[in-house]
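# Summary of structural features
Listed here are the chains, written in short residue letters.
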Amino acid sequence: MAYYLTVEFNPSEVSSYSSVSGEGWYSEGTMASVGVAQEIVEVDNGKRYVFKEWLVDGFYYGSDSSTPPSITMDNNHVVTVVYRTQYLITFSAHVASGGSPLTSSNYLTVTYVSDGVTQTINIWDDYSVTVWCDANTTATYSNPSSGSTTNERWQTEITPTYMINASTTYDPVYYNQFRITIATSGLNGYPAMISFMQFGTQKSAMVDELSPTWSDWCDKSSSLSITNPVDGMDGERWYSVNQTTWTNIKSSATYSVRYYHQYKCTIATSGLVTEYPATINVTQCDIVNYLTTSATWSDWVDASSTLSISDIVSVSLVERYHTANVTSWVVNQPTNVSVKYYHQWLVRVTLDGTDSQHTINVTHTLDGSSHDELGVYGSWSDWVDDGTVLEFT
């Protein structure tokens, strides 16, 4: 009686590049000898098969390619020559434009599998490594780099992990980044938006009264900004005099941004001349400013502060501009007011021939309104609107 010995390869494609002797019919009880296997079977420059083990009827026999199994042929048997498929992989990496390069003291570690064993290599900018990797295994880059700290790092958004299934070069982009913190205050109404660059992508975040501090990673050499002003309702805003735009980020930093709640206020004056303006007292960003206007003034004013304009504009001891309108306001909403001034003269009259028994009446115009004074004697003095009639009766 005879039995058949089958010699096969796993993967079967190896048979196109290599062979092992010994397959055929054997008489019962005889010893079948299998030839040695090729340790490495080259396919092309980027793919090869590496001997792994012998199997006899599916069971492990040995892992030495030069020590093939010897089999007593008491039945049909199958010898399987098992190979690992490997691909030639180049591991590289580089830092995105604007960042500091990776170096031998600040490197990436790549973990991969070769010959069934987990291996590691270190790489950095301008230093790549080419190795054989087992097919259908994964290679993973460290993320962040070895030299990264709590304030500066070299990292990718998603840790580079690759399934090995072809010869190739892996060259992930890492970003040199700094930790930036913006601490705001005064945002008691509407949120401010922060715009920053992270992993080469424009991103945004929000800060408000409940969450006033933001901290995140920003790409080196990129720009960062926070909304200024922050618009509220019509005629309302939150404004900061602090720096709110930063360009060419080169280090980790903490920035403080104080916002002031403000309303738009307008004072429209009439009756003044350019040479003699009225003085406005206005609080802006906690600073009291003294401004002048002879026409219309409009600007932003701190909420809850007092805005005022002079009621008298003196020209000389006997000449002035005066208003009887309200000239002081507590700013708790957008304010739009009109203030009318009258050009006036100080008139002094001696009333000869009058006494308490012999009086006269005086009619004059003050702040656009007629005023009557009865029982006047001796002298009379008051301010009178320019161009009006002063009458004694």
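You'll find the structure just up there.
Residue positions are counted from 1 within each chain, in the order its sequence is given. pLDDT decides what is reported in this predicted model: residues at 70 or higher carry local features, side-chain atom pairs at 80 or more are listed and counted, and totals for whole chains, interfaces and linings draw on all residues regardless. To get the side-chain values, take all heavy atoms of the structure and skip hydrogens and water.

Further remarks concern the sheet that holds strand β32 (residues 319–322). Criterion used throughout: strands pair if DSSP finds at least two bridges between them. A run of H or I in DSSP counts as a helix once it spans at least four residues, and a run of E counts as a strand once it spans at least two, with each numbered from the N terminus. Strand order in the open sheet formed by four strands is β31-β32-β35-β38, and the pairing between neighbours is antiparallel. Lying at the two open borders of the sheet, with one neighbouring strand each, are β31 (312–316) and β38 (378–385). The mean angle between the axes of side-by-side strands here comes to 25°, regardless of whether they run parallel or antiparallel. Two elements, strand β35 (residues 342–351) and β38, share eight bridges in a ladder whose sense is antiparallel. Bridging from a neighbouring strand, Leu-346 pairs with Trp-383 of β38. Working convention: axes come from line fits to C-alpha atoms, limited for helices to the stretch in contact. Angles between N-to-C directions cover 0 to 180 degrees.

Let us look at the side chain of Ser-222. Considering the arrangement of structural elements, one finds Ser-222 in the loop between β20 (213–219) and β21 (224–226). Two N or O atoms form a polar contact when they lie within 3.5 Å of each other; inside protein one atom must be a possible hydrogen donor and the other a possible acceptor, and for residues adjacent in sequence the pair counts only when both atoms belong to side chains. In this structure the side chain of Ser-222 is engaged in a polar contact, spanning 2.5 Å, whose partner is the backbone oxygen of Asp-219. Only heavy atoms matter for contacts: two residues are in contact if any of them lie within 4.5 Å across the pair. Among residues more than four places away in sequence, those in contact with Ser-222 are Met-197, Trp-246, Thr-247, Asn-248 and Ile-249.

What follows concerns unusual backbone geometry. Put simply, Asn-10 and Pro-11 share a cis peptide bond, and its omega is 5°. You can see Pro-11 is positioned in the loop between β1 (2–10) and β2 (24–27). A cis amide bond, omega 0°, links Asn-228 with the succeeding residue Pro-229. Within the fold, Pro-229 resides in the loop between β21 and β22 (230–231).

These results come straight from atomic positions and should not be treated as a statement about function.
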